[in-house]
Every structure is written in C-alpha cells, then in structure tokens.
Amino acid sequence: MSSDTSSASWGDGTRSVHAGEGPPVPGAPLRPSPVFAAPFHLGDRPPRAGGADAYARTEQPTLRVFEEAVGALDGGRCLSFATGMAAVSAVLLASARAGDRVVLPSDGYYATRVLAAEELERFGLRIEHVPTREIGDVAARGGLEGARLVLLETPSNPELDVCDIAAVARATRAAGALLAVDNTTATPLGQRPLDLGADLVVASDTKALTGHSDLLLGHVSTRDGELHARLKSWRDHTGGTPGPFEAWLGHRSMSTLDLRLTRQAANAAAVAELLAGHPAVHRVRWPWLAGDPSFELAARQMLRPGGVVSAELADEDAVARLLARTRIWAAATSFGGVHSTVDRRAQWGGDAVAPGFVRLSCGIEDTDDLVADLAAALGR
Ligand SMILES: Cc1ncc(COP(=O)(O)O)c(C=O)c1O
C-alpha cells in the first residue's frame, strides 16, 4: 500500500481520515500515538541540528502530524494554536503594525471585535468594521485602498451572512493588502478560502473541525512561505502552541468530520424547514434555505451546507420556554459539536441581535428525534 495524501480526487470522507498521512510504516500504528514531552534529549548536538526536536513550544511530532492533516484539507501550510482566538490574534498582530488600517467584519464573532477595541487599538492599529453583506460593495468601490489587512468571516457568526471571497480577494490584492478569512462556520470541507484567493485562512477548531465540545484549538493556514514563517515566529514567541494531547485528540476527532458534517447538515435542513413554517418563529437564517439572503452566493462559493441555523423567537421568555421544554437541545454556546445546542446570543452582549435571537447548532442525533423534540418545545 502506498500513500498519496495529495490526491485531490479523494472524497471528503477519505480526506478526513487520511489527510496529511505519510507512507505506512510496518509495525507502526495507523495514526502515530501522542508524544508527551516538553524538552527532548539534545544529545551532544547543538539544538535542532539534523531537524531533531528540542522543545515542544516550538516543535513537536504530534503537532506536526495534526498540522499536516489540517493543512492538507485547507490546501496550505497549517499552524495550530491553543484556541481560535489565539489564531485570530496571531493573524492580526503578526501581519499588521502601528498605524496600519485593518478591516474587520462588524457582524462576525464578537470576541474579535472586543480584541480589536480592547487590545489592538492600544497598539496603534486603525480598526474599521464593515458588515459581511457590504464588504463586496466596499471592495468594488475601491474602499480597501490603504488597508493592510482585511478579515472576512463567511458565513458570519451568528447571522450567517455570506460575502464573495474571490471578489474581495481580487480587490484586496489590487489594494496591496492581505486577505484573511475566518472559516470556522464552513470548515475546510465546506469552503476553501485559499483556493478563492485568500492569503490566510483562520479558524476556531474548537467548533466543527474537532466537533465533540471537549477541546479548544485553532489554526491558520497559508500558501505564502513568508507569512507562514512570520506566524510561526509569532507563535514561538507568544507561546500559543497547543500541547500534544490536544493535537492528537484534535486529529482523532477530525477523522469523522465528513460524517458529522453530513448528518449536521441534514438535521439543519429539517430544522430550518420546521422553523420557517412555524408561527412562533419570526425569522430563520440558513444559507441553504431557498430565499435566504445568502442562498445564491453560498451555493456558488461553498462546497456543502453547514449545521448552524439562526432564528428569532418573540423574546427572551419564548427562548426560556423552549429550553425548559426540550429534552434534547442543550442550552450552550459554541457550535459544530455532536450535541444539538441552542444559544440565545443577546445574553452575551456582543452581537447586535434581538433578545429572542437564537443560534441553533444541529448535532448528529437522529433527524426525526431532533425535529419532533424542537416542534414540541416550540409549542403551538
Ligand atoms: C467564527 C469564530 N472565530 C473564532 C472563534 C474563537 O474560537 P475559540 O473559542 O476557539 O477561541 C469563534 C468562537 O466561537 C468563532 O465562532
């Protein structure tokens, strides 16, 4: 058996299992076991001579294997981080300097805006916020001239708006800026921003990539050697490197990504349909629901549907009633896990959403059970 993990013809299930694998080694496990070490024996050589590992904050075998796998799915070179925010902050702080103009989504993950307001502006970065649905127009009007970095989040969390990555990438390149895309909601099987012209793809792997709600991880991938070196240096110096157990568990969890996403999307389709026809629901967002504002662009740009659905109930009490009645849906933040969850976003204070706005993350339970339980919890 030979191993050709670069095979672009492989399907998502095969790639989820085999991405980044080297040739099989007789007598070795199918997937390398975690190597638990902080320092490694140096012997009588100078540190790193002959490529040997020296200290796990900068290099370790388990992380390399995981990064090969994630990078293969993204189509770039991956650097893993301890959390998604460690990855997002690495992108922002390693590529911009004082005085640079940085464009962020005004409707993306709120902690990125908090990071910008409470930390980045302190270092002299000039932050601007543009809604995901408007960034394409801003780019087309030449509004990205003078920017150093543009960060997109598409589909955005939690409203699930979508923007045209390839069009913004062309404008960003023409403006001499870098384009980074937060691909957390889509995952590398749902969207490949590097193929669409982005310089960097960043994600919280706490979400669907690892998908069991028991890990914190993030990553950045790029095809640009200089950017990779810059980010690696940033990670080495600031110390956001994940430990070997997280990397191993992340890789193990990623093997089922295709299976989980398939079930989550099937569940999301059924849930979106239920919600769209329910009198207690004012507004439903799922980019693959016919008539959704994101529908056309998502169908053109994305590779598969996702498992997150957003909806607006009457108010906070309506959400509380739903949560009191459901037997399956858990009240929890985050998304992309095997459990189905409901998160009333206004309780966190960071998103411009109505009090009854909820983000539903469809898990991998049986579709009929999920829909029946949600219908009963919503009431008549
Ligand atoms: C789109 C997006 N990016 C980044 C993050 C941050 O990830 P983490 O919680 O792993 O730091 C999140 C977390 O919810 C997110 O939704």
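Before any of the text, the structure's been laid out above.
Novice: Would you mind going over the sheet that holds strand 12 (residues 357-361) with me for this structure?
Specialist: Read across the open sheet, the five strands follow the order 8-9-12-11-10; overall the sheet is mixed. One side of each edge strand has no neighbouring strand; the edge strands of this open sheet are strand 8 (281-285) and strand 10 (330-331). Inspection of the sheet shows strand 10 paired to strand 11 (residues 341-344) by two bridges, in the parallel sense. Residue pairing across strands places A331 opposite V342, the latter belonging to strand 11. Along the sheet face, helix 11 (residues 316-325) touches strand 9 (308-313), strand 10, strand 11 and strand 12 and points at about 160 degrees away from the line of strand 11.

Novice: Would you mind showing me how to read the site of the ligand here?
Specialist: In the vicinity of the ligand, 13 residues are found, and the nearest of them are G84, M85, D182, S204 and T206. Between the ligand and N157, the relevant distance is 2.9 Å, taken from an oxygen atom to a side-chain nitrogen or oxygen of the residue. S204 places a side-chain nitrogen or oxygen 2.9 Å from an oxygen atom of the ligand. Out of a free accessible area of 400 Å², the ligand has 92% covered by protein chains. In a pocket analysis with a 2 Å cut-off to the grid points, the ligand is assigned to the second largest pocket. Considering only residue class, the shell around the ligand consists of four nonpolar, six polar and three charged.

Novice: Explanation requested: the pairing of strand 9 in the structure shown.
Specialist: For strand 9, the buried fraction is high: six of the six residues fall into the buried class. The alternating pattern of strand 9 places V308, S310 and E312 and V309, A311 and L313 on opposite faces, both of which are buried. Pairing between strand 8 and strand 9: four bridges, direction antiparallel. Across the sheet, R283 pairs through a bridge with E312, a residue of strand 9. Inspection of the sheet shows strand 9 paired to strand 12 by five bridges, in the antiparallel sense. Looking at strand 12, one finds that E312 is bridged to F357.

Novice: For this particular structure, what's the right way to read helix 8 (residues 244-254)?
Specialist: Spacing of three or four residues puts side chains on the same side of an α-helix, whose turn is 3.6 residues. Among the residues of helix 8, those classed as buried are P244, A247, L249, G250, H251, S253 and M254. Summarising the contacts, the buried residues of helix 8 are in contact with helix 1 (12-18), helix 2 (61-74) and helix 9 (257-276).

Novice: Would you mind showing me how to read the nonpolar core here?
Specialist: Generally speaking, soluble globular proteins have nonpolar side chains that are buried together. Counting residues in hydrophobic clusters, the biggest one holds 30 residues, and the most contacted among them are L275, V309, W329, L360, L374 and L378. Only helix 9, strand 8, helix 10 (295-301), strand 9, helix 11, strand 12 and helix 12 (367-378) provide two or more residues apiece to this core. For this core, the element with the most residues is helix 9, which contributes five residues. In contact with L374, other than residues within four places in its own chain, are V271, L274, L275, L322, W329 and L360. Counting residues in hydrophobic clusters, the runner-up holds 26 residues, among them A87, V91, L92 and L151.

Reading guide: rules and limits
Along each chain, residue indices are assigned from 1 in the same order as the chain's sequence is written. Local features in this predicted model are restricted to residues of pLDDT 70 or higher, and side-chain atom pairs are both shown and tallied only at a pLDDT of 80 or more, whereas totals for entire chains, interfaces and linings draw on every residue. Calculated side-chain values reflect all of the structure's heavy atoms, with hydrogen atoms and water omitted. Two strands form a pair only when DSSP identifies at least two bridges running between them. Counting from the N terminus, the helices are the DSSP runs of H or I reaching at least four residues and the strands are the DSSP runs of E reaching at least two. Throughout, a residue-residue contact means that at least one pair of heavy atoms, one from each residue, lies within 4.5 Å. Angles here are taken between N-to-C directions and fall from 0 to 180 degrees, while the axes themselves are lines fitted to C-alpha atoms, restricted in helices to the stretch in contact. Throughout, near means a residue has at least one heavy atom within 4 Å of the molecule or strand. What qualifies as a polar contact is a pair of N or O atoms within 3.5 Å, subject to a donor-acceptor requirement within protein and to the restriction that residues adjacent in sequence count only when both atoms come from side chains. Every accessible area reported is derived by Shrake-Rupley at a probe size of 1.4 Å, with residue values counting cover from the shown protein chains alone. Put simply, the grid is 1 Å and covers the protein atoms alone, a cavity is a trapped set of points that fit a 1.4 Å probe, a pocket is an open set with protein on both sides within 12 Å along at least five of seven lines, and lining residues have an atom within 4 Å of a point. A molecule is said to be in a cavity or pocket once over half of its atoms fall within 2 Å of that pocket's grid points. For this scheme, ten residues count as nonpolar: Ala, Val, Leu, Ile, Met, Phe, Trp, Tyr, Cys and Pro. Four count as charged, namely Asp, Glu, Lys and Arg, and the remainder, Gly too, count as polar. When accessible area is computed with a 1.4 Å probe and restricted to protein chains, residues below 20% of their type maximum are described as buried, those above 50% as exposed, and intermediate ones as partly exposed. Residues belong to one nonpolar core when they are buried, are Ala, Val, Leu, Ile, Met, Phe, Trp, Tyr or Cys, and are joined through side-chain atoms within 4.5 Å.

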